[in-house]
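Summary of structural features
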Protein chains: 2
Amino acid sequence: MRGKLIVISGPSGVGKSTVVKEVMAQCETLQFSVSATTRPMRPGEVDGKNYYFVSRDTFQRLIDEDQLLEYAEYVGNYYGTPVGPLDEALAAGRDVLLDIEVQGALRVKSRRPDAILIFMLAPSFQDIEARLYGRGDTAPELILGRLERARWEYTQAVNYDYLVVNDNVDKAVSEILAILKAEKCKAPERLHLLKEDN
Amino acid sequence: MRGKLIVISGPSGVGKSTVVKEVMAQCETLQFSVSATTRPMRPGEVDGKNYYFVSRDTFQRLIDEDQLLEYAEYVGNYYGTPVGPLDEALAAGRDVLLDIEVQGALRVKSRRPDAILIFMLAPSFQDIEARLYGRGDTAPELILGRLERARWEYTQAVNYDYLVVNDNVDKAVSEILAILKAEKCKAPERLHLLKEDN
């Protein structure tokens, strides 16, 4: 049985990374898709774990050779999903989780219609604002830009399959795990079980 | 938010009633839809809990007045789903579970396309046979009839939304609960959450 491709997106300030980390911890069969990026490595990051850190030339070559399922520019840097390791995992029956931004997610959906798109919401828009200011590490004009972007991202959420509200980490995690479990129960996934001699 | 209508079917001998009972026990917000039937009450059964026990005349009146969402004849008796209590519960935001046979389930889907249809399978067809014979309370010719019917039911399972294999009660229960949870996360259910002033 082929693995499932799950794509999670959500605005900056929605608390997505905490939820994703917990989902990965609770679901052993789930594999995290490591993105390629041209942005510099930050202290504590590990190449091949957080990202594949590559030069602009290498990234361009990946694009030219169609080795990226999707890619996007964000704040001057490129981010993309290498298709090789992803397809290998799916073919081996492992589910793969992609944590990518909205444009990339919609591109994945257009190329892989069976991908499951989950959009993560804040309990309210004021929460996003509060979390961005609360971090204390982002300049006010950057925060305004992120809020603007979050508003646009919200308009795109209608194109996702599922919406999960992060009003509580445990609840959000359990909803994402339920979505994955339910998707595997869908009839087209399991028709082989109807054979009398299975 | 309107409640969800969940319909579970499965051949005789698949162990469905144990699973359904456990699902009801674990999901407080779920309401069981009590069917109307013309079959005689059995010892231990309670009118209005196991079934609404009605006369043939009353059942015919329910049909004539379009008070049944679906009905079917089974071994000489009529069984049907009263639409009144069901719509009341859904309107009040309560989810309703229907444990009905295949023809009824497909009729529900045609009248309520948003109903979630779950078909319960045995791990293998031999299991159904073994369970029916193992009960020791059914005549061999009745068992053959039920196996025949189970084969036909399996051919209809492709029209269901989800297939759940009862190879393990806990697993089957957790899959059904996951399906319910995931269905509530579907984007069309939650578009109101995208309003900035929600």
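Residues numbered from 1 in each chain as written. Chains lettered and ligands numbered in written order. Predicted model: local features only at pLDDT ≥ 70, side-chain atom pairs only at ≥ 80, totals over all residues. Heavy atoms only, no water.

Under an unreviewed UniProt entry, chain A has the name Guanylate kinase and belongs to Candidatus Avoscillospira avicola. Recorded in UniProt for chain A, the comment headed Sequence similarities (unreviewed entry) runs: "Belongs to the guanylate kinase family." For the record of chain A, the UniProt heading Catalytic activity (unreviewed entry) holds the text "GMP + ATP = GDP + ADP". (UniProt positions renumbered as here; feature names shortened; annotations may be inferred.)

The next thing to look at is unusual backbone geometry. Its identity is not glycine, yet aspartate 66 of chain A carries a phi of approximately 55 degrees, on the positive side. Since its relative accessible area comes to 48%, aspartate 66 of chain A is described here as partly exposed. (Buried < 20%, exposed > 50% of the residue type's maximum accessible area, 1.4 Å probe, protein only.)

All names here are of chain B. Here threonine 81 is to be found in strand S6 (residues 77-82). Within polar-contact distance, the side chain of threonine 81 engages the side chain of glutamate 70 at 2.5 Å. The contact partners of threonine 81, leaving out residues within four places of it in the chain, are Ser33, Gln67, Leu68, Leu69, Glu70, Leu86, Leu98 and Ile100. (Helix = DSSP H or I, 4+ residues; strand = E, 2+ residues; numbered from the N terminus. Polar contact = N/O pair within 3.5 Å; in protein donor to acceptor, adjacent residues only side chain to side chain. Contact = heavy atoms within 4.5 Å.)

Residue and element names in this part refer to chain A. Spatial ordering of the open sheet is given by S4-S3-S6-S5, a layout of four strands whose pairing is mixed. Strands with a single pairing partner mark the edges of an open sheet, and in this sheet they are strand S4 (51-53) and strand S5 (68-74). Between one strand and the next, the sheet's axes are offset by a mean angle of 25 degrees, whatever the strand orientation. Pairing geometry for S5 and strand S6 (residues 77-82), over five bridges, is antiparallel. The residue of S6 that forms the bridge with tyrosine 74 is asparagine 77. Running at roughly 30 degrees to S6, helix H3 (residues 83-91) makes contact with S5 and S6 of the sheet. (Pairing = 2+ DSSP bridges. Axes fitted to C-alpha atoms, helices over the stretch in contact; angles between N-to-C directions.)

Turning our eyes to something else, we now look at the UniProt feature "binding site: ATP" (unreviewed entry) in chain A. All names here are of chain A. Here, UniProt's "binding site: ATP" (unreviewed entry) annotation points to Gly10, Pro11, Ser12, Gly13, Val14, Gly15, Lys16 and Ser17. Among the structural elements, lysine 16 can be located in helix H1 (residues 16-26). Take lysine 16: its relative accessible area is 15%, and that puts it in the buried class. The residues touching lysine 16, leaving out its near neighbours within four places in the chain, are Ile8, Ser9, Gly10, Asp99, Ile100 and Met120. Within the secondary structure, serine 17 is located in helix H1.

The subject of this paragraph is the relation of the copies chain A and chain B. Rotating chain A by 180 degrees and moving it 0.0 Å along the rotation axis overlays it on chain B with an RMSD of 0.0 Å. Expressed as a symmetry operation, the mapping of one chain copy onto the other fits a two-fold axis. Residue alanine 178 of chain A of chain A places its C-alpha closer to the rotation axis than any other residue of that unit, at 2.2 Å. (Least-squares fit on C-alpha atoms with pLDDT ≥ 70 in both.)

With that settled, the discussion passes to the interface of chain A and chain B. Often, the extent of an interface is quoted as the loss of accessible area on bringing the components together. Contacts between the two partners involve 30 residues from chain A, matched on the other side by 30 residues from chain B. Buried surface at the junction of chain A and chain B, both sides included, amounts to about 2,700 Å², of which 63% is carbon and sulfur. Residue glutamate 175 of chain A pairs with arginine 190 of chain B through a salt bridge whose shortest N-O separation is 3.1 Å. Ranked by residues supplied to the side of chain A that touches chain B, first place goes to helix H7 (residues 169-185) of chain A with seven residues. The residue inventory of the side of chain A that touches chain B, partitioned by class, reads 19 nonpolar, four polar and seven charged. (Buried area = accessible area lost by both parts, 1.4 Å probe. Salt bridge = Lys/Arg side-chain N within 4 Å of Asp/Glu carboxyl O. Nonpolar A, V, L, I, M, F, W, Y, C, P; charged D, E, K, R; others polar.)

To continue, consider the nonpolar core. Within the largest apolar cluster, 107 residues are counted, with the highest numbers of intra-cluster contacts made by Leu5 and Ile118 of chain A together with Leu5 and Ile118 of chain B. In terms of nonpolar packing, the next biggest core, distinct from the first, is built from five residues, Ala36, Phe59, Leu62 and Leu68 of chain B among them. (Core = buried A, V, L, I, M, F, W, Y, C linked by side-chain atoms within 4.5 Å.)

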